[in-house]
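Listed below, chain by chain, are the residues.
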Amino acid sequence: MTRVFTWRLREAMKPIVVVLALLTAIPAHAGDALLARQLTDRGIQLQQKGEHEAALRLFDAALTETDHPKIRYFRAKSLRGLQRRDEAIKEFESILERPEVEKYRSEIIAFINDMNGELERDRLGKQLEEEQAARAKAEAERKALERKNDATAIEFLRRKRSG
């Protein structure tokens, strides 16, 4: 009787195990892939017109439907178009090794290198401006001190002559 019971229990559990396996294979948030594609396509159109802010909103909406590296690729391009280089670099780096963007890999690397160069130029430009401002301030202070010294010397010579 024990064998029959065990066998029946196993047979009864098989459908439950199959259902549980299927349920765990489905992502927690399986969005609408077609909607994501439509949003991405529209975002690309806007991006090509230079409307990066609007395109970014569409790419973000597409990512709520499905998180795909190609959407992130186009999102990063709009971030770059908005001069949000740090965010764009992070986005590009997050997808660089993904097989779905293999054909874009050399372009992604070029974008990352260009933006790192732009960030470095910006940093050096700010540093130069700060140094120029400091130099101008020091020069103004030097001239003020020179005028003060000249005034002191003139006053000294006047006193010496009259005294």
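Check the entry above for the structure.
1. Considering the nonpolar core
Phase 1: In this structure, Tyr73, Phe92 and Ile108 are the most contacted members of the largest nonpolar core, which totals 27 residues.
Phase 2: Those elements that provide at least two residues to this core are helix H2 (33-48), helix H3 (52-65), helix H4 (69-81), helix H5 (85-95) and helix H6 (105-162).
Phase 3: Ranked by residue count, the leading element in this core is H3, at seven residues.
Phase 4: Setting aside its immediate chain neighbours within four residues, Phe92 contacts Tyr73, Ala76, Lys77, Ile108, Phe111, Ile112 and Met115.

2. Regarding the pattern of salt bridges
Phase 1: Scanning the entire structure with this criterion turns up 17 salt bridges.
Phase 2: Salt-bridge contacts for Arg75 lead to Glu91; the nearest nitrogen and oxygen are separated by 2.6 Å. Linking Arg75 in helix H4 with Glu91 in helix H5, this pair joins segments that are 16 residues apart in sequence.
Phase 3: Judged by relative accessible area, Glu91 falls into the buried class, the value being 8%.
Phase 4: The residue Arg123 makes a salt bridge to Glu120 at a minimum N-O spacing of 2.5 Å. Of this pair, Arg123 and Glu120 both sit in helix H6, three residues apart, which is roughly one turn of the helix.
Phase 5: Taking the relative accessible area as the measure of exposure, Arg123 reaches 42% and is therefore partly exposed.
Phase 6: By sharing partners, the salt bridges in this structure join Asp60, Asp67, Arg72, Arg75 and Glu91 into a single network.

Procedures and definitions
- Residues numbered from 1 in each chain as written.
- Predicted model: local features only at pLDDT ≥ 70, side-chain atom pairs only at ≥ 80, totals over all residues.
- Heavy atoms only, no water.
- Core = buried A, V, L, I, M, F, W, Y, C linked by side-chain atoms within 4.5 Å.
- Buried < 20%, exposed > 50% of the residue type's maximum accessible area, 1.4 Å probe, protein only.
- Helix = DSSP H or I, 4+ residues; strand = E, 2+ residues; numbered from the N terminus.
- Contact = heavy atoms within 4.5 Å.
- Salt bridge = Lys/Arg side-chain N within 4 Å of Asp/Glu carboxyl O.

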